[in-house]
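Survey of secondary and tertiary structure
Here is how the chains run, residue by residue.
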Amino acid sequence: MASPRTITIVALSVALGLFFVFMGTIKLTPRLSRDAYNEMKRAYKSYVRALPMLKKMGVSSILLRKSIGALEVACGIVMTLVPGRPKDVANFLLLLLVLAVLFFHQLVGDPLKRYAHALVFGILLTCRLLIARQPEELLPDKRMLSVNGDEQPLIHEAAPEKGKVKVS
């Protein structure tokens, strides 16, 4: 049976992955929602206007929106389908992306309701990364100590505590 930690990581990975595939697709094409696509175009134009250094570097609002959208789709697919270490890398990249988007929202002075979803998903990405990076805890019956080549249970688990009766 899978541990609660594993179930949590899988559930968060799939949910976050699908969310970012959806959001990235909205940034790339109007096929899912024309209104949301047009809103994204407008928002990214305001981000580039607020950061003139992007314009000086040759980054247009279209390039910024499409590159962020493509990164969201790619990382979302990895979070949903690819096992192992690449999920953590995708999680970290998405977390950096969310931080950048939060910076953009603050820069243009958007109200909280416009970027609340980014805050929530940033917190979820952080939680998933922290849970995934924790070492797997061994079950009490598997904790053994190797002494002179012989495996023995740890001392504090081998003997019952003083004053307590072990009931089977």
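Overview of the structure. (Residues numbered from 1 in each chain as written. Predicted model: local features only at pLDDT ≥ 70, side-chain atom pairs only at ≥ 80, totals over all residues. Heavy atoms only, no water.)

A full pass over the atoms with the stated rule returns six aromatic pairs. Centre to centre, the rings of Phe-19 and Phe-20 are 5.1 Å apart; their planes meet at 80°, and the pair counts as edge-to-face. Considered together, Phe-19 and Phe-20 belong to a single accessibility category, that of buried residues. Ring geometry for Phe-19 and Phe-121: centres 3.6 Å apart, planes at 0°, overall stacked. One end of the pair, Phe-19, is in helix α1 (residues 4-28); the other, Phe-121, is in helix α6 (residues 112-133), with 102 residues separating them in the sequence. (Phe/Tyr/Trp six-rings, centres within 6.5 Å; stacked < 30°, edge-to-face > 60°. Buried < 20%, exposed > 50% of the residue type's maximum accessible area, 1.4 Å probe, protein only. Helix = DSSP H or I, 4+ residues; strand = E, 2+ residues; numbered from the N terminus.)

Here the focus is α6. An α-helical turn contains 3.6 residues, so a residue and the one three or four places further along point in the same direction. The end-to-end C-alpha separation of α6 is 30 Å, in line with the 32 Å expected for 22 residues at 1.5 Å each. Inspection of α6 places Tyr-115, Ala-118, Phe-121, Gly-122, Leu-125, Arg-128, Leu-129 and Ala-132 among the buried residues, and these make up the whole buried set. Along α6, the residues classed as buried sweep out an arc of 125° about the axis, all on the same side. Pointing more than 90 degrees away from the buried face of α6 are the exposed residues Leu-112, Lys-113, Ile-123 and Leu-130. Looking at the buried residues of α6, the elements they touch are α1, α4 (61-81) and α5 (85-108). (Expected span 1.5 Å × (residues − 1). Arc of directions from axis to C-beta. Contact = heavy atoms within 4.5 Å.)

Computed from the structure, the largest pocket encloses a volume of approximately 350 Å³. Forming the boundary of the largest pocket are 20 residues, of which Met-23, Lys-27, Met-40, His-105 and His-117 lie nearest the centre. Where the lining of the largest pocket is concerned, the elements lending two or more residues are α1, α2 (34-50), α5 and α6. Here the lining of the largest pocket takes six residues from α2, the largest share from any one element. (1 Å grid on protein atoms, 1.4 Å probe; cavity = no way out; pocket = protein on both sides within 12 Å on 5 of 7 lines; lining within 4 Å. Points joined across faces, edges and corners; volume = space filled by probe spheres on them.)

What follows covers the packing of α4 against α5. Interaxial distance between α4 and α5 falls to 9 Å at its minimum, and their mutual angle equals 145°. Judged by the sense of rotation from one axis to the other, the crossing of α4 with α5 is left-handed. In this structure, α4 uses Leu-64, Ile-68, Leu-71, Glu-72, Cys-75, Gly-76, Val-78, Met-79 and Thr-80 to contact α5, whose residues at the interface are Pro-86, Lys-87, Ala-90, Asn-91, Leu-93, Leu-94, Leu-97 and Phe-104. Classifying every residue of the contact of α4 with α5 by side-chain character gives twelve nonpolar, three polar and two charged. (Axes fitted to C-alpha atoms, helices over the stretch in contact; angles between N-to-C directions. Left-handed = near helix turned anticlockwise from the far one by under 90°. Nonpolar A, V, L, I, M, F, W, Y, C, P; charged D, E, K, R; others polar.)

Turning our eyes to something else, we now look at the nonpolar core. Side chains that are nonpolar tend, in soluble globular proteins, to be buried together. Counting residues in each nonpolar core, the largest one holds 30 residues, and the members touching the most others are Leu-16, Phe-20, Tyr-44, Leu-64, Leu-94 and Leu-125. Those elements giving two or more residues to this core turn out to be α1, α2, α4, α5 and α6. Per-element tally for this core: the top contributor is α5, with eight residues. Here Leu-16 is in contact with Met-79, Phe-121, Leu-124, Leu-125 and Arg-128, once residues within four sequence places are set aside. (Core = buried A, V, L, I, M, F, W, Y, C linked by side-chain atoms within 4.5 Å.)

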